[in-house]
Amino acid sequence: MALDNPNGTYEGGNPGDYTWAVLTITNANPYTSKLSGSYKWNNKTYVVEGEFFYSDLKTSDGPVTFHITATAKLPNNNLDQRLVMDFNSADRNYRLLQGTTKIVQGGEGAFSLSLGRCD
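No experiment lies behind these values; they were computed from the predicted model shown.

## Side note on the packing of aromatic side chains
In total, this model carries 5 aromatic pairs according to the counting rule given. With centroids separated by 5.7 Å and ring planes inclined at 85°, the aromatic side chains of Phe 52 and Tyr 54 adopt a geometry described as edge-to-face. Judged by relative accessible area, which is 1%, Phe 52 ranks as buried. Linked through ring pairs, Phe 52, Tyr 54, Phe 66 and Tyr 94 together constitute an aromatic cluster.

Structure (structure tokens):
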């Protein structure tokens, strides 16, 4: 049976290099479509906030779209880096999130990323 809630840990990239990423969604609410959690990438930890949307509310299947902002701060609480991530899951099992990550503050660049569910 499909999961209604994407809470969990997702990992992807190459372990030990800059592409390795871990996204942990700890507070996803299917009624408000809001989510929060953390993201670890490139030796930084980010605070995650975002939204997720079901493509079809009438069934328990179908794709899910995620729009996530991840913010890393310096020890003095000043902004270090901000990322915008857009992912899709083919269904509500959330086995694989595929999409793009764009650095919007504190650097530049964009890359594709696939994250597999660990739990």
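## Description of the sheet that holds strand S5 (residues 64–73)
Strand order around the closed barrel formed by 8 strands is S1-S2-S3-S4-S5-S6-S7-S8, with antiparallel pairing between neighbours. Taking each pair of neighbouring strands and ignoring which way they run, the sheet shows an average axis angle of 30°. Where strand S2 (residues 21–25) and strand S3 (residues 34–41) come together, 5 bridges link them in antiparallel fashion. Counterpart to Ala 21 in the pairing with S3 is Trp 41.

## Quick look at the pairing of strand S6 (residues 79–89)
Here S5 pairs with S6 via 10 bridges, running antiparallel. Each bridged residue has a counterpart across the sheet, and for Thr 65 the counterpart in S6 is Asn 88. Once S5 ends, the chain turns through 5 residues before running back antiparallel as S6, passing Asn 77 with a positive phi of about 75°. Between the antiparallel neighbours S6 and strand S7 (residues 96–105) lie 6 residues, among them Tyr 94 with a positive phi of about 55°.

Cut-off values and rules
Residues numbered from 1 in each chain as written. Predicted model: local features only at pLDDT ≥ 70, side-chain atom pairs only at ≥ 80, totals over all residues. Heavy atoms only, no water. Phe/Tyr/Trp six-rings, centres within 6.5 Å; stacked < 30°, edge-to-face > 60°. Buried < 20%, exposed > 50% of the residue type's maximum accessible area, 1.4 Å probe, protein only. Pairing = 2+ DSSP bridges. Helix = DSSP H or I, 4+ residues; strand = E, 2+ residues; numbered from the N terminus. Axes fitted to C-alpha atoms, helices over the stretch in contact; angles between N-to-C directions.

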